[in-house]
Amino acid sequence: MWLIRGQGVKSGFEVAISARDGGPSGVIRDASSPARSGADSEAVRDLKARDNSTNWLHLLQIYAVIAITIALAIEANEWIDEMGYGWGWIVAVNTVAALVLGAAQHQFGGAIHEGTHFLLFKNRRLNEVASDWLAAFPIYTSTYQFRLHHLAHHQFVNDPERDPDIAQLKESGHWLDFPVPSIELLWGFLKRLSPVKLFLFTVFRAKYSAVGFDEHAYIDPAAQGSKWPLRVGILYAVAVPIATVELIRFVDARLGCAVLIVSTIVAIAYLLLAPESAFTQTRLAPVISHRATMLSRVVYFAILYGTLTYLTVSGIAPAWKYFNLYWVIPLFTSFPLFMMLRQWVQHGNADRGRYTNTRVFLTGPLVRYAVFPWGMDYHLPHHLMASVPHYNLKRLHELLLADPTYREKGVVLHGFFASSEGPSALEALGPAHAPASRERAYVDNAALEYAELRDATGIAREAARSEQAS
């Protein structure tokens, strides 16, 4: 009999699947049991404590970096133009700005990551709304859609059939055949720096965050709904601003404004009037209804696009130009670059073992900010206990070092490119650091600790199949 435990729609759910339900005999133990690295200890329970205040400062810091970077870049461009220094200097300034802003967008990804695990704020509704409005919507996703993607990654980490991260990287052409020698890794990295490859990375990431993939373990075959709510959302977020800007530039500003207003009304009306059955359901219950989340996203973009259009048409500032230059371009270049680097070193050349599916990264502050935001450098402790907030992961790592198994099997890397203290993050992707022996596959059901499930039985069945396939 398979057991999966956590906080479900009914508090403290426990679903058992017997052999007659299609699962083998045996037990999936809750990963928070004392047998699992002392995870039931008082010290760990203290580290799991969340609040409704700490992360406001972290979010404020991201917005401060974005505002200061854009303001300085605009001022620098105007000064270079006035001094007549030429376009080369402008390209250099905007390249630096794109790198800083792409790192800030990756920081938003870190905030969404905390929201996905219900760790951004203790209050569930505040967690969802803040994560959506302050981090997810700005980079064209939602917390729920990312949660669907990310919790499956945790539960089925490095499972080639069920881990959405691996599926997405393979489909976009960004997964490597690990282990990878240094020269081959460098060549693979350079090939994926092309604008086309980076664009494809973002497109496929958006696809997987929005609709997943056919084999997604959390898809509910009985509640697929309609594709139209998703299509309306995509059309409004992507097609409407393009049409608005082109009409303003080449036809008539009033027509462009009219298209934006009418499109907003139509999108909101459709989402309000669509039957509930039109919204696809999954095995994870949403904190806020899918209808409300999609409406919120349209309202967010209506405010953003309306403000950009007003500033542009009124002559106050070329706001749409700045938005494309300082937000859209980083979103398709430096942002996917940092994500790709992080995903490679976190799970590339690793197996499915409990202590060997990822690593700890001790790097400098710049790499930590751009590549490992919000505690993602302590990735092994995070995968061991996903309900510990980012600001407590270093302490969790130090606590876990008292566990002989953690000390023996856990990998700690120094530096990103090279280090005199041991293998670096990139060096760990080579043949010399490939797993000597494949550990027994670990299925992390505890990653669903704070989630509410619509179909716990279906998820437990997928967990049984994942472990059986190892």
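The model shown is predicted, which means the values in this text are computed figures rather than measured ones.

1. Focus on the overall build of the protein
Alright, step 1. Counting its secondary structure elements, the protein contains 18 helices and four strands.
Alright, step 2. Within the protein, buried positions represent 52% of all 470 residues.
Alright, step 3. A separation threshold of at least 6 residues defines the contact pool for the protein, and within that pool the share at least 24 residues apart is 72%.
Alright, step 4. For the protein, the exposed area adds up to about 21,000 Å²; of that, 63% sits on carbon and sulfur atoms.

2. So, the packing of aromatic side chains
Alright, step 1. In total, this model carries 22 aromatic pairs according to the counting rule given.
Alright, step 2. Both rings, one in Trp-133 and one in Tyr-300, keep their centres 5.7 Å apart while their planes meet at 80°; by these two values the pair is edge-to-face. Pair noted here: Trp-133 is in helix α4 (residues 124-136) and Tyr-300 is in helix α11 (residues 290-313), with a separation of 167 residues, a long-range link.
Alright, step 3. The exposure class of Trp-133 is partly exposed, given its relative accessible area of 29%.
Alright, step 4. Summarising the aromatic geometry, the rings of Tyr-236 and Tyr-305 are spaced 6.3 Å apart at their centres and angled 35° between planes, so their arrangement reads as tilted. In this pair, Tyr-236 sits in helix α9 (residues 228-250) while Tyr-305 sits in helix α11, placing the two residues 69 residues apart along the sequence.
Alright, step 5. Residue classification places Tyr-236 among the buried positions, given a relative accessible area of 2%.
Alright, step 6. Ring-pair connections join several aromatic residues into one group, and the members of that group are Trp-133, Phe-137, Tyr-140, Tyr-236, Tyr-300, Phe-301, Tyr-305, Trp-320 and Phe-323.
Alright, step 7. Here Arg-354 stacks its cationic end above the ring of Tyr-355, 5.8 Å away from the centre of that ring.

3. Re the confidence of the model for the protein
Alright, step 1. Confidence in the prediction of the protein, expressed as mean pLDDT, is 88, and 90% of residues score 70 or more.
Alright, step 2. Per-element mean pLDDT across the protein ranges from 41 in strand β2 (residues 13-17) up to 98 in α4.
Alright, step 3. The model gives residues 1-39 a pLDDT under 50, and that stretch makes 94 contacts with residues more than four places away or in other chains.

4. Structural notes on the side chain of Thr-264
Alright, step 1. Mapped onto the secondary structure, Thr-264 falls in helix α10 (residues 253-273).
Alright, step 2. Polar contacts involving the side chain of Thr-264 include one to the main-chain carbonyl oxygen of Leu-260, which spans 2.7 Å.
Alright, step 3. Once residues within four sequence positions are removed from consideration, Thr-264 is found in contact with Tyr-236 and Ala-302.

5. Quick notes on helix α13 (residues 334-347)
Alright, step 1. The end-to-end C-alpha distance of α13 is 20 Å, a good match for the 20 Å that 14 residues give at a rise of 1.5 Å each.
Alright, step 2. With respect to burial, α13 is a largely interior element, 14 of its 14 residues being buried.
Alright, step 3. Among the residues trailing α13, Asn-349 stands out with phi positive, at a value near 60°.

6. Brief notes about the pattern of salt bridges
Alright, step 1. A complete count under the given rule lists 15 salt bridges for this structure.
Alright, step 2. With a shortest N-O distance of 3.7 Å, Arg-352 and Asp-159 are connected by a salt bridge. Residue Arg-352 is found in the loop between α13 and β3 (360-362), and its partner Asp-159 is found in the loop between α5 (143-155) and α6 (164-172); the two are separated by 193 residues along the sequence.
Alright, step 3. Since its relative accessible area comes to 3%, Asp-159 is described here as buried.
Alright, step 4. The partner of Arg-249 in a salt bridge is Glu-246, with the nearest N and O atoms 3.8 Å apart. Of this pair, Arg-249 and Glu-246 are both found in helix α9, three residues apart, which corresponds to roughly one turn of the helix.
Alright, step 5. Several salt bridges converge on common partners, so that one network encompasses Asp-159, Glu-161, Arg-162, Arg-352, Glu-462 and Arg-465.

7. Some details on empty space enclosed by the protein
Alright, step 1. For the coordinates displayed, the defined rule picks out five cavities of 30 Å³ or more.
Alright, step 2. In this structure, the second largest cavity spans a volume of roughly 70 Å³.
Alright, step 3. Considering the residues around the second largest cavity, the lining is formed by Pro-229, Leu-230, Gly-233, Tyr-236, Ala-237, Leu-271, Met-294, Arg-297, Val-298 and Phe-301.
Alright, step 4. Of all the secondary-structure elements, those providing two or more residues to the lining of the second largest cavity are α9 and α11.
Alright, step 5. A total of five residues in the lining of the second largest cavity trace back to one element, the largest contributor, which is α9.
Alright, step 6. In the lining of the second largest cavity, the residues fall into eight nonpolar, one polar and one charged.

8. Topic: a negative patch on the surface
Alright, step 1. On the surface, a cluster of negative charge is contributed by Glu-75, Glu-78, Asp-81 and Glu-82.
Alright, step 2. By relative accessible area, Glu-82 is classed as exposed at 66%.

9. Topic: the side chain of His-390
Alright, step 1. Positionally, His-390 belongs in the loop between α15 (379-384) and α16 (393-400).
Alright, step 2. Beyond its immediate chain neighbours, meaning those up to four positions away, His-390 contacts Asn-55, His-58, Glu-114, Trp-374 and Gly-375.

10. Some points on the packing of α4 against α5
Alright, step 1. Between α4 and α5, whose axes approach to 9 Å, the crossing angle comes to 100°. In terms of their interaxial angle, α4 and α5 are classed as roughly perpendicular. Here α4 contributes Asn-127, Glu-128, Ser-131, Asp-132 and Ala-136 to the contact with α5, which in turn contributes Thr-143, Tyr-144 and Arg-147.
Alright, step 2. Taken together, the residues that form the contact of α4 with α5 break down as two nonpolar, three polar and three charged.

11. As for the packing of helix α3 (residues 87-116) against α5
Alright, step 1. Where α3 meets α5, the axes come as close as 9 Å, and the angle between the chain directions of the two elements is 75°. When the axes of α3 and α5 are compared, the pair comes out roughly perpendicular. Contacts between α3 and α5 involve Ile-112, His-113, Gly-115 and Thr-116 from the former and Thr-143, Phe-146, Arg-147, His-150, Leu-151 and His-154 from the latter.
Alright, step 2. Across the contact of α3 with α5, the residue classes break down as three nonpolar, six polar and one charged.

What counts, and where the lines are drawn
- Residues numbered from 1 in each chain as written.
- Predicted model: local features only at pLDDT ≥ 70, side-chain atom pairs only at ≥ 80, totals over all residues.
- Heavy atoms only, no water.
- Helix = DSSP H or I, 4+ residues; strand = E, 2+ residues; numbered from the N terminus.
- Buried < 20%, exposed > 50% of the residue type's maximum accessible area, 1.4 Å probe, protein only.
- Contact = heavy atoms within 4.5 Å.
- Areas by Shrake-Rupley, 256 points an atom, 1.4 Å probe, with all protein chains shown as cover.
- Phe/Tyr/Trp six-rings, centres within 6.5 Å; stacked < 30°, edge-to-face > 60°.
- Lys NZ or Arg CZ within 6 Å of the ring centre and 35° of its normal.
- pLDDT = per-residue confidence, 0-100.
- Polar contact = N/O pair within 3.5 Å; in protein donor to acceptor, adjacent residues only side chain to side chain.
- Expected span 1.5 Å × (residues − 1).
- Salt bridge = Lys/Arg side-chain N within 4 Å of Asp/Glu carboxyl O.
- 1 Å grid on protein atoms, 1.4 Å probe; cavity = no way out; pocket = protein on both sides within 12 Å on 5 of 7 lines; lining within 4 Å.
- Points joined across faces, edges and corners; volume = space filled by probe spheres on them.
- Nonpolar A, V, L, I, M, F, W, Y, C, P; charged D, E, K, R; others polar.
- Patch = residues over 30% accessible without salt bridge, like charges linked within 9 Å, V, L, I, M, F, W, Y side chains within 5 Å.
- Lys, Arg positive; Asp, Glu negative; His and termini not counted.
- Charge placed at Lys NZ, Arg CZ, Asp CG, Glu CD.
- Axes fitted to C-alpha atoms, helices over the stretch in contact; angles between N-to-C directions.
- Parallel < 35°, antiparallel > 145°, perpendicular 65-115°, else oblique.

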